[in-house]
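What the coordinates show
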Amino acid sequence: MSEENQIEGEDQPHLLLVDDDPTFTRVMARAMNRRGLRVSIAGSAEEGFALAEQDLPDYAVLDLKMDGDSGLVLLPKLLALDPEMRVVILTGYSSIATAVEAIKRGACNYLCKPADADDVLTALVSEHADLDSLVPENPMSVDRLQWEHIQRVLAEHDGNISATARALGMHRRTLQRKLQKRPVRR
């Protein structure tokens, strides 16, 4: 999968993008290619580490929460391959605790989704993470986080309400009632 998203030429900086959202990775890879980076894509931490061993990246953008190992688990493994690698942790589930943990483990920055290519590029090349801006002033509400989580689990189960309800540990009718409500804005 990574070959289709690479621009020819070894002199370009190499970015490893590890995220389990294929739409996000496709859009971000295209945007980073336009900004002069050669991009490799991985859908899991394990796949990302294997790609990094084959072709050492200059930069890496890691999703915090993925199936299997998280970005926080992959981070020190990548830095063991190259301590000079610039790594940004990207997440839709921001918290001060995970931001601090990411920086402690060696991330150069921590961004909250949604982040565009310019935000990511700035985070990769900036000297120091701005700890005050790591977590947004008004993070998502608990209701919005719950709605996002339900939508993600529903997508993982291909829209199957019964399987989603089992995975979430709730009754099917309760899930159906939650799905009938409009999404919370923030």
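Residues numbered from 1 in each chain as written. Predicted model: local features only at pLDDT ≥ 70, side-chain atom pairs only at ≥ 80, totals over all residues. Heavy atoms only, no water.

Taking an unreviewed UniProt entry as the reference, the chain is identified by name as DNA-binding response regulator belonging to Pseudomonas cavernicola.

Ordered in space as E2-E1-E3-E4-E5, the 5 strands form an open sheet in which the pairing is parallel. In this open sheet, the two edge strands, each paired with only one partner strand, are strand E2 (38-42) and strand E5 (109-112). When strand polarity is set aside, the average angle formed by the axes of neighbouring strands in this sheet is 20 degrees. Packing of helix H2 (residues 45-54) onto the sheet brings it into contact with strand E1 (14-18) and E2, and relative to E2 it is tilted by some 140 degrees. (Pairing = 2+ DSSP bridges. Helix = DSSP H or I, 4+ residues; strand = E, 2+ residues; numbered from the N terminus. Axes fitted to C-alpha atoms, helices over the stretch in contact; angles between N-to-C directions. Contact = heavy atoms within 4.5 Å.)

For the rest of this paragraph, the subject is the packing of helix H6 (residues 142-156) against helix H7 (residues 161-168). It is at 9 Å that the axes of H6 and H7 come closest, and there the two elements cross at 125 degrees. Relative to H7, the element H6 lies oblique. By crossing handedness, the relation of H6 to H7 is classed as right-handed. Two secondary-structure elements touch here, H6 through His 149, Ile 150, Val 153 and Leu 154 and H7 through Ile 161, Thr 164, Ala 167 and Leu 168. A class-by-class count of the residues in the contact of H6 with H7 yields 6 nonpolar, 2 polar and no charged. (Parallel < 35°, antiparallel > 145°, perpendicular 65-115°, else oblique. Left-handed = near helix turned anticlockwise from the far one by under 90°. Nonpolar A, V, L, I, M, F, W, Y, C, P; charged D, E, K, R; others polar.)

Among the nonpolar cores identified, the biggest contains 23 residues, and Leu 62, Leu 78 and Ile 89 are the most heavily contacted of them. Only E1, H2, strand E3 (59-63), helix H3 (71-81), strand E4 (86-91), helix H4 (96-104) and E5 provide two or more residues apiece to this core. Here the element with the most residues in this core is H3; it accounts for 5 residues. Those residues in contact with Leu 78 that sit more than four places away from it in its chain are Leu 16, Phe 49, Ala 52, Ala 60, Leu 62 and Met 85. Counting residues in each nonpolar core, the second largest holds 21 residues, with Met 28, Val 39, Tyr 59 and Leu 90 among its members. (Core = buried A, V, L, I, M, F, W, Y, C linked by side-chain atoms within 4.5 Å. Buried < 20%, exposed > 50% of the residue type's maximum accessible area, 1.4 Å probe, protein only.)

With that out of the way, let us pick up the pairing of E1. Counting buried positions along E1 gives 5 out of 5 residues, so the element sits mostly inside the fold. Where E1 meets E2, 5 bridges bridge the pair, whose relative direction is parallel. Counted as the bridge partner of Leu 17 is Ile 41 from E2. Taking the sense of rotation as the criterion, the β-α-β connection linking E1, helix H1 (residues 22-34) and E2 turns out right-handed. Pairing analysis gives 4 bridges linking E1 to E3, with the strands arranged parallel. Note that in E3 the partner of Leu 15 across the bridge is Tyr 59. (Right-handed = clockwise from strand over helix to strand, strands pointing away.)

Here we come to the packing of H7 against helix H8 (residues 172-180). Following both chains from N to C, one finds H7 and H8 inclined at 105 degrees, their axes separated by 9 Å at the closest point. Viewed along their axes, H7 and H8 adopt a mutual orientation that is roughly perpendicular. Two secondary-structure elements touch here, H7 through Ile 161, Ser 162, Thr 164, Ala 165 and Leu 168 and H8 through Arg 172, Leu 175, Gln 176 and Leu 179.

Below, the discussion takes up the UniProt feature "modified residue: 4-aspartylphosphate" (unreviewed entry) in the chain. Feature annotation in UniProt places "modified residue: 4-aspartylphosphate" (unreviewed entry) on Asp 63, given in this structure's numbering. Structurally, the position occupied by Asp 63 is in strand E3. Relative accessible area serves as the criterion here: at 3%, Asp 63 is assigned to the buried category. (UniProt positions renumbered as here; feature names shortened; annotations may be inferred.)

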